[in-house]
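Each chain, letter by letter, is given below.
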Amino acid sequence: MPDDSLRTVARSYFADSMNPAHDWHHVQRVEALAERLTAEDAADERTVELAVWFHDIGRAREDAGEIDDHATWGAREAERVLAEHGIADGRIETVTQAIRAHRYANDTEPASREAQILCDADNLDALGAVGIARCFTYGGELGEPIHDPSTPPADDPTAAGQSQYNHIHTKILDLPGRMYTDAGRELAEDRRAFVERFLDRFDTEVAGRR
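Criteria and cut-off values
By convention here, each chain's residues receive numbers from 1 onward along its written sequence. Totals for whole chains, interfaces and linings use every residue, but because this is a predicted model, local features are given only for residues with pLDDT of at least 70 and side-chain atom pairs only at 80 or more, for both listing and counting. Excluded from the side-chain calculation are hydrogens and water; included are all heavy atoms of the structure. Per the convention used, a helix needs a DSSP run of H or I reaching at least four residues, while a strand needs a run of E reaching at least two, with both numbered from the N terminus. Throughout, radius of gyration means the C-alpha value; the globule benchmark is 2.2 Å times the number of residues raised to the power 0.38. Under the scheme applied here, a residue whose accessible area is under 20% of the maximum for its type counts as buried, over 50% as exposed, and between as partly exposed, the area being computed with a 1.4 Å probe on protein chains only. The Shrake-Rupley method, run with a 1.4 Å probe, gives the accessible areas here. Residue values count only the displayed protein chains as cover. Interaxial angle, 0 to 180 degrees, is taken between N-to-C directions of lines fitted to C-alpha atoms, where a helix line uses only the stretch in contact. Oblique is the label for any angle not under 35 degrees, not over 145, and not in the 65 to 115 range, which are roughly parallel, roughly antiparallel and roughly perpendicular in turn. Crossings are sorted by hand: turned counterclockwise from the far helix by less than a right angle, the near helix makes the crossing left-handed, and turned clockwise it makes it right-handed. Whether two residues touch is decided by their heavy atoms; if any such pair falls within 4.5 Å, the residues are in contact. Think of it as three bins: nonpolar holds Ala, Val, Leu, Ile, Met, Phe, Trp, Tyr, Cys and Pro, charged holds Asp, Glu, Lys and Arg, and polar takes everything else, Gly as well. Note on disulfides: each one is a pair of cysteine sulfur atoms within 2.5 Å. Salt bridges are defined as contacts in which a side-chain nitrogen from Lys or Arg sits within 4 Å of a carboxyl oxygen from Asp or Glu.

**Q** Could you clarify how one ought to interpret the overall build of the protein in this entry?
**A** Within the protein one finds 10 helices and zero strands. For the protein, whose C-alpha radius of gyration is 18 Å, the value lies close to the compact-globule estimate of 17 Å for 210 residues. Seen through its principal axes, the protein has C-alpha atoms that stretch 60 × 40 × 30 Å. Taking all 210 residues of the protein together, 48% fall into the buried category. If you sum the accessible surface of the protein, you get close to 10200 Å²; carbon and sulfur atoms cover 46% of it.

Structure (structure tokens):
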């Protein structure tokens with residue numbers, strides 16, 4: 001996907017001091033994954049790239065407590081920026097719907113193939129080796145425990161998990177079931193298998209067996 005001025009505009013919303021779980025490097029990884037998924041699909045490449053670049057522009061504001069939902073705010077902001085840069089109304093609508101729908105916690109279903117590709121690419125970055133690294137990085141910033149053996153995943157009453165170990169069980173391992181594209185499902189299963197191997201090793205180390 002080619003670079004242009006809109007990519008630079010999107011980059012400006014990401015400070016170097018941001019948590020690494022949602023920084024510009026995350027956007028770059030999602031971009032690479034979206035390229036792969038788009039190459040195997042009939043989606044519009046330009047729409048996908050715009051959605052990818054702008055999907056997390058509100059993340060820093062949400063993390064700072066300035067807004068409640070980075071996806072909703074980001075969609076509105078992207079609409080303004082894209083309109084100023086002369087992007088056609090129909091494409092703006094598709095891009096902004098994709099941004100609103102990409103957030104895991106939202107109940108908004110992706111309404112286009114481009115939105116589905118953004119969702120798949122974003123969720124894939126939460127799986128595998130990178131997903132594990134992101135999980136513990138984000139949890140560390142929030143001051144959450146890596147693992148609390150007194151609250152195993154099956155007894156954890158929270159939706160996101162009280163520890164990062166539980167978060168992997170309750171959310172991360174659920175992601176393959178949320179894929180919309182065939183290529184996304186294939187990649188997700190491979191990454192899920194890696195996460196399961198990691199958890200097996202984690203359990204043996206916690207128990208002192210390795």
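**Q** Explanation requested: the packing of helix α3 (residues 45-54) against helix α6 (residues 89-101) in the structure shown.
**A** Where α3 contacts α6, the axes come no closer than 9 Å and their chain directions differ by 45°. One finds that α3 runs oblique with respect to α6. As α3 runs across α6, the sense of the crossing is right-handed. Counting all contacts with α3, which are made through Arg46, Thr47, Leu50, Ala51 and Phe54, the residues of α6 involved are Arg91, Thr94, Val95, Ala98 and Ile99. For the contact of α3 with α6, the per-class residue count stands at six nonpolar, two polar and two charged.

**Q** How should I be thinking about the state of the cysteines in this particular structure?
**A** A covalent bond between the sulfur atoms of two cysteines is what we call a disulfide. Counted under the stated rule, the structure contains zero disulfides. Considering cysteine sulfurs only, cysteine 135 is the nearest to cysteine 119, which forms no disulfide, with 20 Å between them.

**Q** Help me understand the pattern of salt bridges, please; the structure alone is not making it clear to me.
**A** One side chain can pair with another of opposite charge once the charged atoms of both are near each other. Following the criterion strictly, the structure yields 17 salt bridges and no others. The salt bridge partner of arginine 134 is aspartate 125, with a shortest N-O separation of 3.3 Å. Across this residue pair, the class does not change: arginine 134 and aspartate 125 are buried. Notably, a salt bridge pairs glutamate 205 with arginine 201, separated by 2.7 Å at the nearest N-O pair. In this pair, glutamate 205 and arginine 201 both sit in helix α10 (residues 182-206), four residues apart, roughly one turn of the helix. On the basis of relative accessible area, glutamate 205 is assigned to the partly exposed category, the value being 45%. One connected set of salt bridges, linked through shared partners, spans Asp4, Arg46 and Glu49.

**Q** What's the story with the packing of helix α5 (residues 70-84) against α6 in this structure? I'm lost.
**A** When two helices pack together, their arrangement is given by the angle between the helix axes and the distance between those axes. Relative orientation of the contacting elements α5 and α6 amounts to 160°, with a least axis distance of 8 Å. When the axes of α5 and α6 are compared, the pair comes out roughly antiparallel. In the crossing of α5 with α6, the sense of the turn from one axis to the other is right-handed. Across the interface between the two elements, Ala71, Gly74, Ala75, Ala78, Glu79, Leu82 and Ala83 of α5 pack against Ile92, Val95, Thr96, Ile99 and Arg100 of α6.

Geometric values such as these leave the question of function open.
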